[in-house]
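The primary structure of each chain is shown beneath.
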4 protein chains.
Amino acid sequence: MVGGVQHVETQRNHVVRSATPDVDRDALVERFIAVRRRTEELAARLTAEDQMLQSLPATSPTKWHRAHTTWFFEENVLVPSGAPYVDERFRLLFNAHDDNVGPRQPRPRRALVSRPDAQAIAAYRQQIDSRVVERLRTARALDLARVARLVELGLAHEEQHQELILTDILHAFSLSPLKPAYAPSAIVEAMTETPMERSFQRFAGGVSEIGADAGGAFVFDNERPKHHVFLEPFELGTTLVTVGEALGFIADGGYRSPSLWLSDAYDWVQANAIESPTYLRVEGGRAVVFGLEGERVAHPAEPLLFMSWYEADAIARYLGARLPTEAEWEHAAHGVSHEGHFLGGAFHPHPPSGTGVMQMFGTGWEWTSSGYEAYPGYMPFPGALGESHGKFAANERVLRGGSLFTPPGHVRPTYRAFWPPETRIQASAIRLARNVSG
Amino acid sequence: MVGGVQHVETQRNHVVRSATPDVDRDALVERFIAVRRRTEELAARLTAEDQMLQSLPATSPTKWHRAHTTWFFEENVLVPSGAPYVDERFRLLFNAHDDNVGPRQPRPRRALVSRPDAQAIAAYRQQIDSRVVERLRTARALDLARVARLVELGLAHEEQHQELILTDILHAFSLSPLKPAYAPSAIVEAMTETPMERSFQRFAGGVSEIGADAGGAFVFDNERPKHHVFLEPFELGTTLVTVGEALGFIADGGYRSPSLWLSDAYDWVQANAIESPTYLRVEGGRAVVFGLEGERVAHPAEPLLFMSWYEADAIARYLGARLPTEAEWEHAAHGVSHEGHFLGGAFHPHPPSGTGVMQMFGTGWEWTSSGYEAYPGYMPFPGALGESHGKFAANERVLRGGSLFTPPGHVRPTYRAFWPPETRIQASAIRLARNVSG
Amino acid sequence: MVGGVQHVETQRNHVVRSATPDVDRDALVERFIAVRRRTEELAARLTAEDQMLQSLPATSPTKWHRAHTTWFFEENVLVPSGAPYVDERFRLLFNAHDDNVGPRQPRPRRALVSRPDAQAIAAYRQQIDSRVVERLRTARALDLARVARLVELGLAHEEQHQELILTDILHAFSLSPLKPAYAPSAIVEAMTETPMERSFQRFAGGVSEIGADAGGAFVFDNERPKHHVFLEPFELGTTLVTVGEALGFIADGGYRSPSLWLSDAYDWVQANAIESPTYLRVEGGRAVVFGLEGERVAHPAEPLLFMSWYEADAIARYLGARLPTEAEWEHAAHGVSHEGHFLGGAFHPHPPSGTGVMQMFGTGWEWTSSGYEAYPGYMPFPGALGESHGKFAANERVLRGGSLFTPPGHVRPTYRAFWPPETRIQASAIRLARNVSG
Amino acid sequence: MVGGVQHVETQRNHVVRSATPDVDRDALVERFIAVRRRTEELAARLTAEDQMLQSLPATSPTKWHRAHTTWFFEENVLVPSGAPYVDERFRLLFNAHDDNVGPRQPRPRRALVSRPDAQAIAAYRQQIDSRVVERLRTARALDLARVARLVELGLAHEEQHQELILTDILHAFSLSPLKPAYAPSAIVEAMTETPMERSFQRFAGGVSEIGADAGGAFVFDNERPKHHVFLEPFELGTTLVTVGEALGFIADGGYRSPSLWLSDAYDWVQANAIESPTYLRVEGGRAVVFGLEGERVAHPAEPLLFMSWYEADAIARYLGARLPTEAEWEHAAHGVSHEGHFLGGAFHPHPPSGTGVMQMFGTGWEWTSSGYEAYPGYMPFPGALGESHGKFAANERVLRGGSLFTPPGHVRPTYRAFWPPETRIQASAIRLARNVSG
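Keep in mind it's a predicted model, so treat the numbers as computed, not measured. (Residues numbered from 1 in each chain as written. Chains lettered and ligands numbered in written order. Predicted model: local features only at pLDDT ≥ 70, side-chain atom pairs only at ≥ 80, totals over all residues. Heavy atoms only, no water.)

Chemist: Quick question: what am I supposed to make of the overall build of chain A here?
Modeler: Along its length, chain A carries eleven helices and 14 strands. Taken across its 438 residues, chain A has 62% of its residues classed as buried. A fraction of 80% describes how many contacts in chain A between residues 6 or more apart in sequence connect residues 24 or more apart. (Helix = DSSP H or I, 4+ residues; strand = E, 2+ residues; numbered from the N terminus. Buried < 20%, exposed > 50% of the residue type's maximum accessible area, 1.4 Å probe, protein only. Contact = heavy atoms within 4.5 Å.)

In structure tokens form, the structure reads like this:
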């Protein structure tokens, strides 16, 4: 199946047409430099050999992420205004899967690209950075608005790849017998310092407005148009499902109880001999988890992260609940502050004080029960950036809220991520929902 | 994977609890005998060897359908009131996949059951029929209500298998070099006599009521509860997509145009080298189709039948439209008479006179864009007949309206069928839908 | 993969050119009728439904064997002399895989041929039988010699399929939960009445003559030409490996001991979770075996039958020995009477009196260590019957001596059968061999 | 799949026990240093990223080869005499597949070992080199003989991996869109300067002596014992099959002619859509080949290299010949000088002057028709170095004579290499053989 970059490439195309009338040139240059630098900072913790790792067909080497995000600016911002390619062959190597731009290196073979090497990629990044900054500094007003939109898109795209750099290297390291730590850090303490009691917050239902407006700040086109849905009354758990609850599920034989699973989900469990979430194993009754900080014993009160939609659905059922629909989630999310991100390696969860729904942003991508579909009235744009319907797939589920791997400021209440239901390696989480009688 | 009997078995479990206070004993006996006889009439056109055929893991031999539907009455109606099994080993052979009833013959190996032979199955059917009739005739009032509900369920279940007998033998015959005809008939004339012009009928949208009430006539539990949805304004094509339109799609290279397909759909097209709907091939610009009546040239105005959801979605897009949601379909279907079935081998379509949405019942199961999910507030019943959530799967789409293979009287506006999106062998059809500005 | 019919078809082509100058017309007619009748007698124990069974891609339904052997005479004996086909479509259905005769029903789909039915096949057989007998009765001398050779070939071919009828139905029945018996019989007593002690008989080695002469009785072309090999001194076990020895192998963990297996053999054991020969399971320390007589407890002194070459090789190693080369086997077999066949359902093993190598013919096909290759100097004939090199495969092992399923009189010391090393369903056996110092 | 290292590891175990009474200490140290240095010279042409490449499950990264050959000396020479491991974890990472030494990194995941990095591997090599040299310098006489045997084995093992470094990087580079050249060199001229006419040299046959003596220079144990075979008269082509002959085979539709192929070979051709040897494609009637020197047009007179046994067998048949048996090859090879290796990047073929069989050593590994089996009388040694029968596989063919990738001095007339018949990436070649009437 597809995965990370499909996700990313789809998102890329879901760009919005909205007018961005007054571009703050300096602010955009500054943001451009900051986002681009952050990618290199993430990569700097890795050796040239680490940056070659591709442990699944659906993941990519760090080196490839660094080059691909750069090629994106070259192809979409620089070349259309007449700039020559730095190296024509890079199109072939670092294009993702946009058939409009010609042939490309097959995805599962990205690890076979030993040349250009890490240093050459760094040089490529610097060249493109200079040119883009130059372009932004010198564009005339009308042109600037157009270029700015493309640069904004390129930065959102790069932020998605920043999350994938972490996601993908975590998986690669998980298969190394040496179990390397990407970044031993304060994560452990942060995750466990605030055990929270869960209650359920009730929502009355009725007609609700979902999705993003045209105009305004940057959004992907799959967030649009704003439209109405009717919600029956429901309630949401105030906190995410915990590692301790997953231990209970496992100890109660949850992975061997067909009645807790959808039928294809249980086929998947059996065919793949799944016994626990992918980075969690039970040892002496405790959960040993693998993360960017290496291997450690998890606190039972930590949120459970990294599980497939199939598992999320089964665990929710085991806990007497269900997953929320994406409309329910968004309805609840409007008005919740979306701060609380993974910043500079440290994780700052929401304080447990509130009575509201907590941990909605920046902890784990929350699986919803909703299949990923275009919103009613969604119309793909013509042209290369808009060939988006081809990037929808029939069997993907929507996730909301971002994770501790998501760059700060990247998500918002209307933001829609999506992955196939068997995806195990994304930093996903489980929010419980329940029906209530009206 | 899943397919016919999952479908059926799920439906079986989706039985409704509704009180059926005043049972008309004679009418029920009569209906029981009529439905049971119809199964044998469908089988009577086939040799003992034909009845052994299983051409896909997801299909079943006719002989198995005949025995399984019989076992269903034995297991659920007779045995609970103390009757001994006719043959204990039949449980193993003719159970579908209800893990509560113990081990069973693996589905793909149903064709390996040469014994008991066709004659022995006929005898088994007669024994069970006598016992069920006896049971209905002698049950006391309170008991009768309960037994009647189970018999109603068994008959609905048997009607589903009647459709599968036709569906499955059609596929088996399609692989025979002799291309046998199940029943040369008036189908051809019926299908082609009434070319209809398509227009689009508009619906205003707003909050709409969907699903079935508790109480009243028999419904499956997946049709419940009645609930509300919000519909944006939309319009539906008054007629189904035709063979001629499919020829246009093929001639325009539709099967080689990634932009018309969802991404996993196009993967499927390429991996399976799909070039046309499964029972249709193009020869000299005309469509040669295979059906129960054998092989013949189709009229361009006939409805296109037998295609996957993937193809339905792509063809709708090619025609500048989309598939309806199941809520849109049901909204439009309320008030439409659901007559017009395949009766005794002849097909009587709705007359083209009306200005309304036509061919909604009994022509082809209409693929909707909706994933198959439980309705909000749906609660599975405890016990063997209610273990239904395990029978939902993550990747199925809802179909509505029944087909020319569906027994008369079997469907209704709230009836929900569901198959995985790659299913090609069901008598499915395409209804076009479009957004309209409010 | 290959299997039964490749075997057969290869053999068919390996026909010898030898002159058969003086044909005894009546004897040949009599033999023709007897062999043809024996096929129908084997099938007569099976229902129409049984004759539809195909449980592996490499096996075939009884009905197909009956029709295919008949088509063989039609295609090779009757049609070349101008006879019209009984039904042109039968070529498509009952041709094996001779690309010279045009397209054919794909092998794994033979069970999908429900029509013509069993009765129609019987009629087809009778028609062809009459015509062949007529042809033999009326052919003039020179013509008779040629026709007789083809008929001899057709009869040898039919005898191979007689063995396959038993082999294939045994596998199909083994998958039925009812475990039907093909023919409850005296097999059990016969197999167990004569426990024999094994000793090793020594052979001095040196240059030995292997293979068949041109001229003389019918042989397949893969038995030719006669040629020389040099044998180092060796010795052979006087009796076959027993069920009791297999129980010891299993109890000692033989299936989990990589050092006993070739590396690809052990991969195969693990990938397929093999724990015992295919028709043998251990229950309470005893071997329960499935055979044409149904399921029963085996006597430890019975010969072990039905195992792959991989298992034969490993069990021989476990017993401190190895498999013989085909040259060693043939060297030992010359001079041994090849009587002792499975006749009319009863098995008559060689008496244990002798000091020689026993059970060499008609008990189980003895796996040799030799890959199946053409003999030095082998030259394929031109024309359809001689296109034989294409029927050799790279990875097959030679078996010698015939089994209790082999028709009486079919094998001889030079006869070479061959199957891929993973073949588990042939009536194979293990003969031990050892090196000795000269 | 099997492949390179199985090959190597098998060979490792096939060590001979022969007494090596008088060890020349200085010569051995010198040879040790030279062989070890050659590995590093081969790797020095590659970047850190290149050394991570693993393009097939059966190939290995250069980095792994460098570490594994080092671990081999540590495990077998140093540790048994009490030395501590440099790093215990390296056993896990750099062990090949010797189950005696505990768990190991799964073969297809060798590319996932980013740490230790290339520099750390260099340091590891230097440490082990110092210790081995020290061990050789200080060992007392009796001990020295034993250690010397192990070091000799380790050096032969390392030479095999030197060939694999070239073989494996060639395959990895072949998949890079940049088509990098490992070493642009004089290969092209060398290969094409000496077109040779082929004749056939006749051998009378009879009893011939094959294999190696106990005692004497180092041989692998699969070369023993010396034994007799009987050869029918035969003749060998004096030169290898050429690129031009392969072009003829392709142009004549050889890859689409089932009669030229063994049946499983043709299945393989079709299943994998094979159209030419793996590193050769036809462009405008000429052969474009990829080699360590990059991509270039081949001269028609060059020997054809890099094809599977299946292809070699088919091409030989197309040319009216067959592959030799390994006994025929060895019979012919005794007395032929085995010089003419790939030395320092340049290839020096045998002069075409002679009337004898040419190009027998150091051009391409010559596929023989012989399955790889133990010689009669072969007895595996007890203990870790002797667990060899487990490393034989059922379906491998013997190759003889070494290739241009083989280190100088590594092969000899009795040397046996072996690969599965579908192996396409080894530097293999085709020698023609024919039967002659005695």
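Chemist: Can you walk me through the sheet that holds strand β14 (residues 433-435) of chain C in this structure?
Modeler: Within a sheet, neighbouring strands are paired by backbone hydrogen bonds and run either parallel or antiparallel to one another. Residue and element names in this part refer to chain C. Within the open sheet, the three strands sit side by side as β1-β4-β14. Their pairing is antiparallel. In this open sheet, the two strands that pair with only one neighbour each are β1 (200-203) and β14. The average angle at which neighbouring strand axes cross in this sheet is 25°, direction not considered. Examined bridge by bridge, β1 and strand β4 (residues 234-237) share four bridges and lie antiparallel to one another. (Pairing = 2+ DSSP bridges. Axes fitted to C-alpha atoms, helices over the stretch in contact; angles between N-to-C directions.)

Chemist: Just checking my understanding: could you explain the interface of chain B and chain A for this structure?
Modeler: Bring the parts together and some accessible area is lost; that lost area is often taken as the interface size. Taken together, the contact between chain B and chain A spans 33 residues of the former and 31 residues of the latter. A combined buried area of about 2400 Å² lies between chain B and chain A, and 52% of that area is made up of carbon and sulfur atoms. Among the secondary structure elements, those contributing two or more residues to the side of chain B that touches chain A are β3 (227-231), α9 (263-271) and α10 (309-318) of chain B. No other element matches the four residues that β3 of chain B contributes to the side of chain B that touches chain A. Class assignment for the residues of the side of chain B that touches chain A results in 15 nonpolar, eleven polar and seven charged. (Buried area = accessible area lost by both parts, 1.4 Å probe. Nonpolar A, V, L, I, M, F, W, Y, C, P; charged D, E, K, R; others polar.)

Chemist: Can you walk me through the sheet that holds strand β1 (residues 200-203) of chain A in this structure?
Modeler: All names here are of chain A. Sheet architecture is open: three strands sit in the order β1-β4-β14, paired in antiparallel fashion. The open sheet has two edge strands with one neighbour each: β1 and β14 (433-435). Taking each pair of neighbouring strands and ignoring which way they run, the sheet shows an average axis angle of 25°. Pairing analysis gives three bridges linking strand β4 (residues 234-237) to β14, with the strands arranged antiparallel. What sits directly across from E235, in β14, is R434. The sheet contacts of helix α11 (residues 326-333) involve β1, β4 and β14, and relative to β4 the element is tilted by about 75°.

Chemist: I'm lost on the relation of the copies chain D and chain A in this one. Help?
Modeler: What relates the pair of chain copies is a rotation about an axis plus a shift along that axis. Superposing chain D onto chain A takes a rotation of 180° combined with a translation of 0.1 Å along the rotation axis, leaving an RMSD of 0.0 Å. The superposition of one copy onto the other is thereby described by a two-fold rotation axis. Nearest to the rotation axis, the C-alpha of E49 of chain D is located 3.0 Å from it, this being the minimum over chain D. Of the interface residues in chain D, 100% have counterparts in chain A that sit at the interface too, so the contact is made through matching surfaces. (Least-squares fit on C-alpha atoms with pLDDT ≥ 70 in both.)

Chemist: For this particular structure, what's the right way to read the interface of chain D and chain A?
Modeler: The interface of chain D with chain A comprises 27 residues on the first partner and 27 residues on the second. In this structure, R115 of chain D and D50 of chain A form a salt bridge, with 2.6 Å as the shortest nitrogen-oxygen distance. At the junction of chain D and chain A, the tally comes to six residue pairs in polar contact (both at pLDDT 80 or more). Element by element, the count of residues in the side of chain D that touches chain A is highest for helix α4 (residues 89-94) of chain D, at three residues. Here the side of chain D that touches chain A is built from residues that sort into 15 nonpolar, four polar and eight charged. (Salt bridge = Lys/Arg side-chain N within 4 Å of Asp/Glu carboxyl O. Polar contact = N/O pair within 3.5 Å; in protein donor to acceptor, adjacent residues only side chain to side chain.)

Chemist: I'm lost on unusual backbone geometry in this one. Help?
Modeler: Residues and elements named next belong to chain B. Across the junction of R115 and P116, the peptide omega takes the value 0°, indicating a cis bond. Here P116 lies in the loop between α4 (89-94) and α5 (118-138). Residues R224 and P225 are joined by a peptide bond in cis, for which omega reads -5°. With respect to the secondary-structure elements, P225 resides in the loop between β2 (206-210) and β3. Phi angles above zero are rare outside glycine, and Q359 is one such case at about 60°. Structurally, Q359 can be placed in the loop between β9 (346-347) and β10 (365-371). Assessed through its relative accessible area of 6%, Q359 is described here as buried.

Chemist: I tried to follow the packing of helix α2 (residues 25-44) of chain B against α5 of chain B on my own but got confused; where do I start?
Modeler: The description of two packed helices rests on the angle between their axes and on the distance between the axes. Residues and elements named next belong to chain B. Across the interface, α2 lies against α5 with an axial gap of 10 Å and an inter-helix angle of 170°. What the angle tells us is that α2 and α5 run roughly antiparallel. Between α2, through R25, L28, V29, F32, I33, R36, T39 and E40, and α5, the contact on the second element is made entirely by A122, R125, D129, V132, V133, L136, R137 and T138. Class assignment for the residues of the contact of α2 with α5 results in eight nonpolar, two polar and six charged. (Parallel < 35°, antiparallel > 145°, perpendicular 65-115°, else oblique.)

Chemist: Mind showing me how you'd approach the packing of aromatic side chains here?
Modeler: Pairs of aromatic rings are described using the distance from one ring centre to the other and the angle between the two planes. Across all of its chains, the model carries 84 aromatic pairs over all chains by this definition. Measuring from centroid to centroid gives 5.0 Å for F203 of chain B and F234 of chain B, while their planes differ by 10°, and the two rings are stacked. Here the residue F203 of chain B occupies a position in strand β1 (residues 200-203), and F234 of chain B occupies one in strand β4 (residues 234-237), the gap between them amounting to 31 residues. An identical accessibility class is assigned to F203 of chain B and F234 of chain B; each is buried. Feature note: the residues F218, F220, W365 and Y415 of chain A constitute an aromatic cluster, connected by ring pairs. Taking the ring centre of F200 of chain B as reference, the NZ or CZ of R434 of chain B above it sits at 3.6 Å. (Phe/Tyr/Trp six-rings, centres within 6.5 Å; stacked < 30°, edge-to-face > 60°. Lys NZ or Arg CZ within 6 Å of the ring centre and 35° of its normal.)

Chemist: What's the story with the environment of R131 of chain C in this structure? I'm lost.
Modeler: All names here are of chain C. By the element assignment, R131 lies in helix α5 (residues 118-138). A relative accessible area of 30% means that R131 is categorised as partly exposed. Here R131 is in contact with L78, P84 and V86, once residues within four sequence places are set aside.

Chemist: Just checking my understanding: could you explain helix α5 (residues 118-138) of chain D for this structure?
Modeler: In an α-helix, one turn spans 3.6 residues; hence positions three or four apart end up facing the same way. All names here are of chain D. For α5, with 21 residues, the first-to-last C-alpha span of 31 Å sits near the 30 Å given by 1.5 Å per residue. Buried residues of α5: A118, I121, A122, Y124, R125, I128, V132, V133, R135 and L136, and no others. Projection of α5 onto a plane perpendicular to its axis shows the buried side chains occupying an angular sector of 160°, all on one side. In α5, the exposed positions angled more than 90 degrees off the buried face are occupied by Q119 and Q126. Buried residues along α5 sit in contact with α2 (25-44), α3 (62-78), α4 and α6 (141-174). (Expected span 1.5 Å × (residues − 1). Arc of directions from axis to C-beta.)

Chemist: What is the right way to look at the pattern of salt bridges in this model?
Modeler: Between side chains of opposite charge, a pair can form as their charged atoms come close. All names here are of chain A. One pass over the full model with this rule turns up 112 salt bridges over all chains. With a shortest N-O distance of 3.1 Å, R135 and D143 are connected by a salt bridge. Relative accessible area serves as the criterion here: at 25%, D143 is assigned to the partly exposed category. One continuous salt-bridge network, built from bridges that share partners, spans R36, E40, R66, R125, D129 and E158.

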